[in-house]
Amino acid sequence: MTTERDRQQGWSARGPELVTCLPERPSAGHGHRPRPGAVAVHGAAGLAPSPAELQRLRRVADGQEEADLIVHGGTLVVVHTGELQRRDLLIVGRFIAAVTRPGALGARRGLDASGRYLLPAYVDERIQVEQTLLTPGELARVVVPRGTVTLLADTSRLTGLYGPRGGQLATATRTPMRLLEAPSVPSAIPPMPAVRAAMVPRQPVSLPESAGETSLDVTGMAGTLPVGPEPTGGLAGAGPLPGSGPASRLGAGSGLGPASPPAGRTADDDAWEALLDASGGRSLIDLVVHGHLDRDVRRAARAGMDPMTAVRMATLTPARRHGLDHLLGSLTPARLADIQIVSEIAGPRPPEVVLSGGRLAAERGRPLFDNLDVVPAWARERLSLPSGLHGGSFTVPAAPVGTAGRGVNAAELRITQDDYPYVESVVVRPATVDGATGCPGADPERDLLKVALVTCRVHRDRPAGTRAGFIRGIGLRQGAIGMTTSVAPGDLAIIGAGDHDMMTAARALEGMGGGFVVVDRGWVLAACPLPVAGVMSDAPWDAVRDQLDGVDAAAAALGCTLAAPFLTLAPLGQRLYHPPF
């Protein structure tokens with residue numbers, strides 16, 4: 001019989017081969033109290049095991065009942081301490097019931113992970129879903145095969161555009177990906193727009209597959225793995241950076257018990273956040289070509305961080321920061337069974353298997369689920385241009401009396417050394433001025449273009465209208481580009497060398513319901529429709545990627561000097577416009 005003292009220490013009557021760490025008195029939060037200073041997360045209440053689930057977890061851990069699934073033969077990564085231990089994971093429903101020594105207990109089904117490592121699934125605390133241009137369900141098909149199961153989404157932009165339902169639009173999905181609404185962590189979000197101005201090179205069409213000669217047999221999860229060599233090193237990257245050794249790792253025990261109180265910030269925390277700030281955000285191209293948090297872990301290891309520390313930074317650390325480490329971030333009892341099975345820690349290949357809540361979600365870099373999410377009707381509300389909008393609406397007014405010859409104010413787009421865009425005000429003297437009206441015009445030869453912010457009637461909290469001014473730093477020689485801005489209050493931003501092409505771009509955006517468009521001489525050259533709230537596509541991710549490549553290439557053909565003009569400009573919103581006088 002298990003004594004109270006045994007249970008507090010995490011052991012059952014079966015002996016030291018079994019680790020449980022389950023609470024004695026089940027509750028909806030299984031005894032967890034939010035850690036002081038933790039960032040509040042909306043939607044996490046339903047993640048904790050119910051009293052009935054806890055009772056079954058305890059019965060399985062005590063050997064009184066079989067588990068649903070056992071992952072056996074693998075080497076467990078203990079993220080609290082950085083240790084590697086040969087352990088079996090017993091899974092009941094959504095949760096890990098026990099972590100045992102090999103062969104201690106059995107289950108109805110087995111998944112042989114011999115020669116592989118068992119890692120917690122990654123937790124992303126920096127995502128803004130609309131920045132990827134994908135709906136949550138389609139985003140899941142990109143990031144889950146990379147090992148990320150939980151996203152703590154900053155929904156402030158969509159909430160600013162559409163109120164509370166905007167936040168729901170960014171977090172609602174029936175896929176294996178778990179999306180929770182969380183405010184941004186100031187220390188973890190760069191002050192500039194999260195999308196860098198530099199465009200990554202075009203890469204192959206499909207998500208990468210594992211190139212290994214052996215693969216996991218997951219058919220019905222009853223088969224076994226071809227037995228590979230036992231992990232000996234398997235860690236990509238160089239030795240640890242100063243401060244990343246065992247003495248600086250969080251936790252001092254085996255890592256299989258309850259999470260310890262958060263330690264103070266370390267050099268590893270600063271190095272990890274600096275790496276994320278320099279990684280270029282979470283644009284669709286970044287995710288498809290380079291990867292998600294798997295890419296960041298890999299880059300950290302290559303930069304000299306201990307690979308175990310890098311894994312902890314992408315799992316346990318964000319879970320702790322948001323008060324979710326009793327549910328996420330480690331492979332310990334009573335935590336959600338979000339598991340990666342990998343052949344190399346911080347290696348280049350995607351996980352061979354990803355489990356989300358104890359269920360198979362991805363295999364060898366490919367999702368094992370479809371996106372069946374339905375976009376709510378309100379998110380497809382028709383985008384309406386202001387009544388009476390015409391080419392003349394983009395005319396910049398003449399200088400007020402007494403200010404002639406002083407020049408006009410213009411927005412100038414500049415790029416930092418770290419490839420982040422910013423806008424500042426400059427004074428320019430347009431060479432082209434209408435002799436009859438005195439209205440200044442665009443001068444593409446001197447990189448001076450018109451910019452117009454068009455407020456659509458879909459935003460009923462303020463009247464429709466158009467503000468026209470000038471902008472530099474885009475490089476267009478002719479034509480126009482148009483986009484729906486991804487920040488409140490959700491204007492259309494039209495930049496061009498001529499009023500008529502700007503008007504064509506505005507009408508094209510209205511017809512698409514929002515998105516990106518390139519126009520020249522009255523013709524639409526390329527478009528990337530974003531009809532979901534004007535900032536997300538309802539198309540599959542690979543189609544969106546091709547459309548994005550198309551508008552970028554068309555803009556470049558018209559002389560645009562920005563590598564990724566739409567992903568660079570859309571998050572800037574009203575900052576693109578400065579009153580000319």
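Residues numbered from 1 in each chain as written. Predicted model: local features only at pLDDT ≥ 70, side-chain atom pairs only at ≥ 80, totals over all residues. Heavy atoms only, no water.

Colleague: I'm lost on the overall build of the protein in this one. Help?
Modeller: Regarding its fold elements, the protein presents 13 helices and 24 strands. Sorting the 581 residues of the protein into buried and exposed places 59% on the buried side. Summing over all exposed atoms, the protein offers an accessible surface of approximately 22,400 Å²; the carbon and sulfur share of this is 53%. (Helix = DSSP H or I, 4+ residues; strand = E, 2+ residues; numbered from the N terminus. Buried < 20%, exposed > 50% of the residue type's maximum accessible area, 1.4 Å probe, protein only. Areas by Shrake-Rupley, 256 points an atom, 1.4 Å probe, with all protein chains shown as cover.)

Colleague: Explain the sheet that holds strand β15 (residues 359–363) to me, please; I cannot follow it from the model alone.
Modeller: Hydrogen bonds between backbone groups are what pair the strands of a sheet, and the pairing can be parallel or antiparallel. Reading across from one edge, β5-β4-β9-β13-β14-β15-β16 is the order of the seven strands in this open sheet, with mixed pairing throughout. The open sheet has two free edges, formed respectively by β5 (83–86) and β16 (366–367), since each of these has just one partner strand. When strand β13 (residues 339–342) meets strand β14 (residues 353–356), the two strands line up antiparallel, connected through three bridges. Along β14, the bridge assignment pairs I341 with V353. (Pairing = 2+ DSSP bridges.)

Colleague: It is not clear to me how the sheet that holds strand β21 (residues 480–484) should be interpreted in this structure. Could you clarify?
Modeller: What the eight strands build is an open sheet, ordered β18-β17-β20-β19-β22-β21-β23-β24; its pairing is mixed. The open sheet has two edge strands, β18 (421–428) and β24 (523–529), and neither has a second partner. Within this sheet the neighbouring strands show an average axis-to-axis angle of 25°, counted without direction. Bridge count between strand β23 (residues 515–520) and β24: six bridges; the pairing is antiparallel. Bridge pairing in β24 links V517 to A527. With respect to the sheet, helix α11 (residues 499–512) is in contact with β19 (448–455), β21, β22 (492–496), β23 and β24, its orientation differing from that of β23 by roughly 145°. This element, helix α12 (residues 541–557), spans β21, β23 and β24 of the sheet and lies at about 145° to β24. (Axes fitted to C-alpha atoms, helices over the stretch in contact; angles between N-to-C directions. Contact = heavy atoms within 4.5 Å.)

Colleague: Whenever I open this one, the pattern of salt bridges confuses me. Can you help?
Modeller: Where charged atoms from two side chains of opposite charge approach closely, those side chains can pair. In this structure the tally under the stated criterion is 25 salt bridges. Across the pair E138 and R141 runs a salt bridge, and its minimum N-O distance is 3.7 Å. Taken together, the residues span about one helical turn, with E138 and R141 both in helix α3 (residues 136–143) at a distance of three residues. A salt bridge links R545 to D546; its shortest N-O distance comes to 3.0 Å. We classify R545 as buried; its relative accessible area is 3%. A single network of salt bridges, built from pairs that share partners, joins R56, R59, E65, D68 and R108. (Salt bridge = Lys/Arg side-chain N within 4 Å of Asp/Glu carboxyl O.)

Colleague: What should I look at first to understand the environment of D373 in this one?
Modeller: Position of D373 relative to the elements: it lies in the loop between β16 and β17 (408–415). Judged by relative accessible area, which is 23%, D373 ranks as partly exposed. Residues D373 and T135 lie 238 residues apart in sequence; the distance between their C-alpha atoms is 8.7 Å. In contact with D373, other than residues within four places in its own chain, are P136, G137, A172, T173, R174 and T175. Looking at D373, its side chain comes within polar contact range of the side chain of T173, at 2.6 Å. (Polar contact = N/O pair within 3.5 Å; in protein donor to acceptor, adjacent residues only side chain to side chain.)

Colleague: Explanation requested: the packing of aromatic side chains in the structure shown.
Modeller: Two aromatic rings are characterised by how far apart their centres lie and by the angle between their planes. Taken as a whole and assessed by the stated rule, the structure comprises two aromatic pairs. An angle of 55° between the planes, with centres 5.5 Å apart, marks the rings of Y162 and W378 as tilted. Within this pair, whereas Y162 is found in helix α4 (residues 156–162), its partner W378 is found in the loop between β16 and β17, the two being separated by 216 residues in sequence. Side by side, Y162 and W378 carry an identical accessibility label, which is buried. With centroids separated by 5.0 Å and ring planes inclined at 20°, the aromatic side chains of F516 and F566 adopt a geometry described as stacked. With F516 in strand β23 and F566 in helix α13 (residues 565–569), the pair connects residues that are 50 residues apart, well separated along the chain. Classification of F516 as buried rests on a relative accessible area of 2%. (Phe/Tyr/Trp six-rings, centres within 6.5 Å; stacked < 30°, edge-to-face > 60°.)

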